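Observations on the model geometry
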Amino acid sequence: MKTAELGSLSLSPAAQESNLDAASYLKGRRRWKVLAIATGVAVVSLLVAATIGSVGIPLPAIVRMLLARLPFLSIVPDWPTAYEAIVFQIRLPRVILAAMVGGSLAVSGATYQGIFRNPLADPYLIGVASGAAFGATLAFLLPFDVPFLGLGIVQIAAFVGALAVVVAVYSLARVGGSTPMTTLLLAGVAIGSLFWAASAFLMIAAGDKLRVVYIWLLGGFSQGYWSGILAILPYLVVGLAVTIFYARPMNVMQLDEDQARQLGVDVERLKLILVAAASLMTAAAVSVSGIIGFVGLVVPHAVRLVWGPDHRFLLPMSALVGSAFLVWADTVSRVILAPGELPVGILTAFCGAPFFLYLLRQKKRAVF
Amino acid sequence: MIEVHDLSFAYPNHPLVFQSFGWRVERGEHWAIIGPSGCGKTTLLYLLAGLRRPVAGRIVVDGQPLEKPRPTIGLILQDYGLLPWATALGNVELGLELRQMGGKVRRAVARRWLEDLGLASHGGHYPAQLSGGQRQRVAIARTLALDPHVLLMDEPFSSLDALTRESLQNLVVALSHDADLTTVLVTHNIEEAVFLGKRILVMGQPPIDKAYLLENPLARSLDYRGKEAFHRNCEEVRRRVGESGT
């Protein structure tokens, strides 16, 4: 149906620009089907990615190794013991960590885009990245390391820095009981630049450590480890649960704040809860992986363009697509320059940008 | 019942819109508010909806001071405010969903309201597949589905063509007859104010401390538009708005 002329009657810019193909919005049972398929793809991606590396390990062996760990199955090991070490000490922690970070970034990107009602919002919008960068850079410069629960001081400092900056931005943007989103965004940009400048200054002061710091900033999983997985797991689980729980009010927020309040959404509370959930997820992800760009911006958009913007579907789907995407990006990044590694952030931008442009041209559907 | 006591309001860093303004709306009354653009009539509606807080004074609705939006006060805006990716039915269900109403009941309530508003066969359509008038009816259904005691309307029909506008005006009359609803309509359209408002408040330039009240008891009968009293009252309102605008 041709709707351009009707569209001009409507308020929302989305409807105005939309060349709407209503039938393609995913509904009901088909949603569950797509989610199930995506879950399958994500799990298979994890397993297949674990087979790839300097030593190729066949997929059946990995599956048998995993099954052998289950208590009620007795499987006789028929694989070299070295495989077990490679899979459980190196490959699996790495791909799982990549999947979790990808999921966290994509979900928090979708959440930020939803509450800011701004398509350019990404997980780093209100200062998480600059805070993490500052914390991490500072930690790199310390002459000692203080491990805590298996995490290094760099991870902890990045996490604390990220949260400190978000809290500062949110408090600064708060005017008498409400937090205007524009003020929040601008405060984020201003404080963000401040901390980026401070980090840059520290990096120059760092001298011979500059390269290490810079590579950390570009993001990667060269230190995939179980302690990192355990450290960010609660943030991912709680963040995902909280954001999906508030998917409906987030949908209503897309109208405008007054309309949402009129329909019964406690907008200020919702913003606070969602900013907190998304920021905690991002801070946790960044602390173990560095600053991986593009996933949080592009994955939610891609999901929205293909399947529509209902947050009840958008959030879980973004988690799955973000996971699979980052697993593959990381796999390519560790194979392409083997035995060296390409920081995965470079790769996500390299693959993500053209793919996103392709989607944008193909679909031409304004979903914001 | 709505009581406005000594209301003062200003947007931050702007001059006062209201200054010690007082007003009273009894239950079941039908008001229209009209005035030159920028006079603060929409602001008054947002204050009544609990979406803005007075700088001084207070607003009391049904005996309780108004602190924030209330489920019993419904608001309809000019620009439908529908989610483009949800069907008409889905859009009507939005507010009910937020009130934790179960799926089946919710759908039944939403269906009934779409039916009452003549959209029974459009439940599965998306906003872009509906005309402007139909979209506004979906927005009205969404608000009425929440069973409000007070219905506030801010220029609800101003982007519609004349015929659609009249049919929706008739619809509002029919609906509020059934529902024993108090209605407050803000409009810049004189005929609309005179057709729908049994009491018409003509506002002047801010800061507003009082407004001119025109009694219009014949309003809301379907043949009123053709009567002489209708045209006389339109003239009267036109004159008052003109005076207050200068």
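All names here are of chain B. For the bond from Pro206 to Pro207, the omega torsion is 0°, close enough to zero to count as cis. Mapped onto the elements of the fold, Pro207 is located in the loop between strand E9 (199-202) and strand E10 (212-215). With a phi close to 45°, Asp6 is a non-glycine residue in the positive phi region. Look at Ser20: it is not a glycine, yet its phi comes out positive at around 45°. For Ser20, the location among the structural elements is in strand E2 (residues 18-25). What makes Ser20 partly exposed here is its relative accessible area of 42%.

Taken together, the contact pairs 35 residues of chain B with 30 residues of chain A. With both chains or domains summed, chain B and chain A bury close to 2700 Å², and 63% of this area falls on carbon and sulfur atoms. Of all residues in chain B, Trp85(B), Leu98(B) and Tyr126(B) bury the most surface against chain A, accounting for 24% of the area lost on that side. Inspection of the region where chain B meets chain A yields three salt bridges. Across the pair Glu97(B) and Arg248(A) runs a salt bridge, and its minimum N-O distance is 3.3 Å. When residues of the side of chain B that touches chain A are traced back to their parent elements, those giving at least two are strand E6 (73-76), helix H2 (88-98) and helix H4 (132-144) of chain B. The element contributing the most residues to the side of chain B that touches chain A is H2(B), with four residues.

Under the defined criterion, the tally for this structure stands at four cavities of 30 Å³ or more. What the largest cavity holds in volume is close to 140 Å³. As for the largest cavity, its lining consists of Gln259(A), Gln262(A), Leu263(A), Gly74(B), Leu75(B), Ile76(B), Leu77(B), Tyr80(B), Ala139(B), Arg142(B), Thr143(B) and Leu146(B). Counting residues per element, the ones that place at least two in the lining of the largest cavity are helix H12 (257-262) of chain A together with E6 and H4 of chain B. The residue makeup of the lining of the largest cavity, split by class, is seven nonpolar, four polar and one charged.

Our next topic: helix H8 (residues 181-206) of chain A. All names here are of chain A. With 26 residues, H8 should cover 38 Å at 1.5 Å per step; its first-to-last C-alpha distance of 36 Å lies within 8% of that length. Those residues of H8 lying buried are Met181, Leu184, Leu185, Ala187, Gly188, Ile191, Gly192, Ser199, Leu202, Met203 and Ala206. Buried-residue contacts for H8 involve helix H5 (81-116), helix H6 (128-141), helix H7 (153-173), helix H9 (210-218), H12 and helix H13 (267-289). Looking at the residues trailing H8, positive phi occurs at Gly207, about 60°.

A few words now on the layout of surface pockets. Taken as a whole, the largest pocket spans an internal volume of roughly 1400 Å³. Arg261(A), Val265(A), Asp266(A), Val267(A) and Glu268(A) are the residues nearest the centre of the largest pocket, which is lined by 44 residues in total. Those elements giving two or more residues to the lining of the largest pocket turn out to be helix H10 (226-245), helix H11 (247-253), H12 and H13 of chain A together with H2 of chain B. Examining the composition of the lining of the largest pocket, we find that six residues originate from one element, H13(A), more than from any other.

We now examine a nonpolar patch on the surface. Residues and elements named next belong to chain A. A surface patch of nonpolar side chains, amounting to about 490 Å² of accessible area, comprises Leu59, Val63, Leu67, Leu70, Phe72 and Leu73. Relative to the helices and strands, Leu73 resides in the loop between helix H4 (59-68) and H5. Its relative accessible area of 35% is what places Leu73 among the partly exposed residues.

Turning to H13(A), a few remarks are in order. Residue and element names in this part refer to chain A. Here H13 spans 32 Å end to end across 23 residues, near enough to the 33 Å set by a 1.5 Å rise per residue. Most of H13 is tucked away: 17 of the 23 residues are buried. At the C-terminal side of H13, Gly290 shows a positive phi close to 80°.

With that settled, the discussion passes to the packing of aromatic side chains. One pair of aromatic rings is described through two measures. These are the centre distance and the angle between the planes. Under the counting rule described, the total for this entry stands at ten aromatic pairs over all chains. Geometrically, the ring pair formed by Phe134(A) and Phe195(A) is edge-to-face, given 5.2 Å between the ring centres and 85° between the ring planes. Here the residue Phe134(A) occupies a position in helix H6, and Phe195(A) occupies one in helix H8, the gap between them amounting to 61 residues. Classification of Phe134(A) by relative accessible area gives partly exposed; the value is 22%. A relative accessible area of 23% places Phe195(A) in the partly exposed class. Summarising the aromatic geometry, the rings of Phe245(A) and Tyr246(A) are spaced 5.0 Å apart at their centres and angled 90° between planes, so their arrangement reads as edge-to-face. Taking relative accessible area as the criterion, Tyr246(A) reaches 15% and is therefore assigned buried. Lying over the aromatic face of Phe195(B), Arg225(B) brings its terminal NZ or CZ to 3.7 Å of the ring centre. Here the basic side chain of Arg240(B) rests over the ring of Tyr212(B), its NZ or CZ set 3.7 Å away from the ring centre.

Calculation notes
Starting afresh in each chain, residues are numbered from 1 along the sequence in its written order. Here the convention is simple: chains get letters from A, ligands get numbers from 1, in the order in which they are written. Local features in this predicted model are restricted to residues whose pLDDT is 70 or higher, and side-chain atom pairs enter the listing and the counts only when it is 80 or higher, whereas totals over whole chains, interfaces and linings include all residues. Side-chain metrics in this entry use all non-hydrogen atoms of the structure; hydrogen atoms and water are not considered. Think of it this way: any DSSP run of H or I at least four residues long counts as a helix, any run of E at least two long counts as a strand, and we number them from the N terminus. For every residue, the accessible area (1.4 Å probe, protein chains only) is compared with the maximum for its type, and the residue is labelled buried under 20%, exposed over 50%, or partly exposed between those bounds. Any pair of residues with heavy atoms lying within 4.5 Å of one another is described as a contacting pair. Defined here as a combined quantity, buried area equals the accessible surface (1.4 Å probe) lost by two parts on assembly, summed across both. In the sections that follow, a salt bridge refers to a side-chain nitrogen of Lys or Arg positioned within 4 Å of a carboxyl oxygen of Asp or Glu. Throughout, the protein atoms alone are placed on a 1 Å grid, and a set of points is a cavity if a 1.4 Å probe fits but cannot get out or a pocket if it is open with protein on both sides within 12 Å along at least five of seven lines; lining residues have an atom within 4 Å of a point. Grid points are joined across faces, edges and corners, and a volume is the space filled by probe spheres set on the points. Note on residue categories: nonpolar means Ala, Val, Leu, Ile, Met, Phe, Trp, Tyr, Cys or Pro, charged means Asp, Glu, Lys or Arg, and polar means any other residue, Gly included. Here a helix's expected span is defined as the number of its residues, less one, multiplied by 1.5 Å. Patch rule: a residue counts if its relative accessible area is over 30% and it has no salt bridge; like charges are joined within 9 Å, and nonpolar side chains (Val, Leu, Ile, Met, Phe, Trp, Tyr) within 5 Å. To measure how exposed things are, a 1.4 Å probe is used in the Shrake-Rupley method; for residues, cover is taken only from the protein chains shown. Each Phe, Tyr or Trp ring, with Trp reduced to its six-membered ring, pairs with another whose centre is within 6.5 Å; inter-plane angles below 30 degrees give stacked pairs, above 60 give edge-to-face pairs, and intermediate values give tilted ones. Remark: a charge is flagged as sitting over a ring if the NZ atom of Lys or the CZ atom of Arg is within 6 Å of the ring centre and within 35 degrees of the ring normal.

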